[in-house]
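Survey of secondary and tertiary structure
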Amino acid sequence: MTQPPLPSRSGIAALIGRANAGKSTLLNRMVEEKVAIVSGTAQTTRNLIRAVLTDPRGQIVFLDTPGIHRAKEPLGRRMNKIARNAADGVDAALLIVDASAPPAMEDEGWIRRLLFSESHVLVVLNKDDLGGRHARAYRDCWERVAEEKGRDRRAEWHTVSALTGAGIPELMERLFELMPAGPLLFPPDVLTDYPRKLNIGDLIREQFFRRLREEVPHALAVRVENIEETDAGGGWNISATVYVDRHSQKGIVIGHKGRLIKKVREEARREVRKMYDRPVALELRVKVEPKWRENYWILRELGYA
Ligand SMILES: Nc1nc2c(ncn2[C@@H]2O[C@H](COP(=O)(O)OP(=O)(O)OP(=O)(O)O)[C@@H](O)[C@H]2O)c(=O)[nH]1
Ligand SMILES: [Mg+2]
């Protein structure tokens, strides 16, 4: 019997765009697995996350990036830098925009940059399930900026809903076409090389992001200290520290009578168990660490620096 031929195309596609446009949702949809956390709060993604999709058409290595936003402190600036760097030298740069909202300064910034990019550029008009009212404004924005910069450069436009999956098969088909011929970059069974501790920290942080508002999510970080294998059943005892900036935030994160942190612990435990398919116990400790966002050593341990 002959073996099926190995895929002969392999390349890198970067997902870039402003915070909250739906990059991580789109990534999870395209690889049909949850690899990146998602929330309604802007600046959810803080690291570069790589996810690999291999099918008979070939292999695409996706880079999910933090959303570009106005940033003053080191963590925010670092996140923007990760995103900008990811857009260079890839086989496809996907600018994800929220077509249900008008273009913002950050979108225009990306367009300006992409006009000079050597990567193949696709603009993905996301959230079409909400009506795509502002799709035209993004095309106009591209043309206006191209004219201002004197660049005769077209983008390729795709309309999708990362939430419902509409338009995704067509986008994927096109991405596989754009991947260069060549051997696989990763073994075919790899989904992500994102470290386990960082991923579990993200799953915990996602639950806080879903429940907290305004400044608190951005002042919060989760560091997984230890993952201990239990003797029986292949389970994990996980201990993690939740960092906040100020004492007042500690109370918010714990919640009235400890309700909020309890809920987070339950939900995060469920998510971790689902993803890794094993019993999980989770211990959370909250620590006030003023200015952790400016502390290089902490940022490094969180994988942010
Ligand atoms: N209605 C609708 N909502 C969407 C769609 N895609 C994403 N969302 C929502 O938009 C919000 C932001 O999604 P994320 O995937 O976290 O966005 P992101 O671009 O990764 O954001 P950052 O990591 O903060 O840069 C979440 O509440 C998603 O559920 C879509 O196609 N339709
Ligand atoms: Mg994200």
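Since this is a predicted model, take the numbers as computed values, not measurements.

1. Structural notes on the site of ligand 1
By nearness alone, 22 residues border ligand 1, and K23, T25, Q43, T44 and D129 come closest of all. One of the backbone N or O atoms of G22 is found 2.9 Å from an oxygen atom in ligand 1. The side chain of K23 places a nitrogen or oxygen atom 2.7 Å from an oxygen atom of ligand 1. Coverage of ligand 1 by the protein amounts to 89% of the 660 Å² it exposes when considered alone. The dominant element in the shell around ligand 1, judged by the number of residues it contributes, is helix α1 (residues 23-31), at three residues. Across the shell around ligand 1, the residue classes break down as seven nonpolar, twelve polar and three charged.

2. Overview of the pairing of strand β5 (residues 120-126)
Counted residue by residue, β5 has six buried out of seven residues, so it is predominantly covered. Pairing geometry for strand β4 (residues 92-98) and β5, over seven bridges, is parallel. Residue pairing across strands places A92 opposite H120, the latter belonging to β5. Handedness of the β-α-β unit built from β4, helix α3 (residues 105-114) and β5 comes out right-handed. Pairing between β5 and strand β6 (residues 156-159): four bridges, direction parallel. The residue of β6 that forms the bridge with L122 is E156. Crossover connection from β5 via helix α4 (residues 135-149) to parallel β6: handedness right-handed.

3. Focus: the UniProt feature "domain: Era-type G" (unreviewed entry) in the chain
Under the local residue numbering, the UniProt record ascribes the feature "domain: Era-type G" (unreviewed entry) to residues 9-181. For residues 9-181, the end-to-end C-alpha separation is 4 Å, with 34% helix and 23% strand making up the annotated structure.

4. Topic: the sheet that holds strand β8 (residues 236-244)
Read from one edge to the other, the open sheet built from three strands follows the order β7-β8-β9, with strand pairing classed as mixed. Every interior strand has two partners, whereas the edge strands, β7 (221-229) and β9 (280-288), have only one. Neighbouring strand axes in the sheet, compared pairwise and without regard to direction, differ in orientation by 20° on average. Relative to β8, β7 runs antiparallel, the two being bridged by eight bridges. Within the sheet, the bridge partner assigned to V222 lies in β8 and is V242. Lying on the sheet, helix α6 (residues 196-211) is in contact with β7, β8 and β9; it crosses β7 at an angle near 125°. On the sheet, helix α9 (residues 259-276) packs against β8 and β9 and is oriented at approximately 135° with respect to β9.

5. Notes on the coordination of the magnesium ion (ligand 2)
Taken together, the protein ligands of the magnesium ion (ligand 2) are S24 (OG) and T45 (OG1), with distances of 2.0 to 2.2 Å. In this pair, S24 is assigned in helix α1 and T45 in the loop between α1 and β2 (49-55), connecting sequence segments 21 residues apart. Judged by relative accessible area, S24 falls into the buried class, the value being 9%.

6. Description of the nonpolar core
Counting 29 residues, the largest nonpolar core has L26, M30, F62, L94, L171 and L175 as its most contacted members. Beyond its immediate stretch of four places on either side in the chain, L171 contacts L26, M30, L94, L122, V124, H158 and V160.

7. Regarding unusual backbone geometry
Even without being a glycine, K127 presents a positive backbone phi close to 65°. Among the secondary structure elements, K127 is positioned in the loop between β5 and α4. Located in the positive-phi region is K291, a residue other than glycine, with phi close to 60°. With respect to the element layout, K291 can be found in the loop between β9 and α10 (296-301).

8. Quick look at the side chain of R153
Following the sequence through the fold, R153 ends up in the loop between α4 and β6. Summary of buried charges: R153 has no salt-bridge partner, and the nearest side chain of opposite charge, E118, is 8.7 Å away. R153 has contacts with L114, L115, F116, S117, S119, H120, V121 and W142, leaving out every residue within four places of it along the chain.

9. Considering the domain arrangement of the chain
Considered domain by domain, the chain is made up of domain 1 (10-178) and domain 2 (196-301). Measuring from the centre of the C-alpha atoms in domain 1 to the corresponding centre in domain 2 gives 28 Å. Together domain 1 and domain 2 conceal approximately 1400 Å² of surface at their shared face, both sides included; 53% is due to carbon and sulfur atoms. Among the residues of domain 1 in contact with domain 2, K34, I37 and R46 are the three that bury the most area, contributing 40% of the side total. Put simply, domain 1 and domain 2 have three salt bridges between them. Between E73 and R293 there is a salt bridge; the shortest N-O distance is 3.7 Å. Remark: the boundary between domain 1 and domain 2 carries eight residue pairs in polar contact (both at pLDDT 80 or more). Classifying every residue of the side of domain 1 that touches domain 2 by side-chain character gives seven nonpolar, four polar and three charged.

Criteria and thresholds
Residues numbered from 1 in each chain as written. Chains lettered and ligands numbered in written order. Predicted model: local features only at pLDDT ≥ 70, side-chain atom pairs only at ≥ 80, totals over all residues. Heavy atoms only, no water. Near = heavy atom within 4 Å. Polar contact = N/O pair within 3.5 Å; in protein donor to acceptor, adjacent residues only side chain to side chain. Areas by Shrake-Rupley, 256 points an atom, 1.4 Å probe, with all protein chains shown as cover. Helix = DSSP H or I, 4+ residues; strand = E, 2+ residues; numbered from the N terminus. Nonpolar A, V, L, I, M, F, W, Y, C, P; charged D, E, K, R; others polar. Buried < 20%, exposed > 50% of the residue type's maximum accessible area, 1.4 Å probe, protein only. Pairing = 2+ DSSP bridges. Right-handed = clockwise from strand over helix to strand, strands pointing away. UniProt positions renumbered as here; feature names shortened; annotations may be inferred. Axes fitted to C-alpha atoms, helices over the stretch in contact; angles between N-to-C directions. Contact = heavy atoms within 4.5 Å. Donors = N, O, S within 2.8 Å, 3.2 Å for Na, K, Ca; no water. Core = buried A, V, L, I, M, F, W, Y, C linked by side-chain atoms within 4.5 Å. Lys, Arg positive; Asp, Glu negative; His and termini not counted. Salt bridge = Lys/Arg side-chain N within 4 Å of Asp/Glu carboxyl O. Domains from an automatic or database assignment. Buried area = accessible area lost by both parts, 1.4 Å probe.

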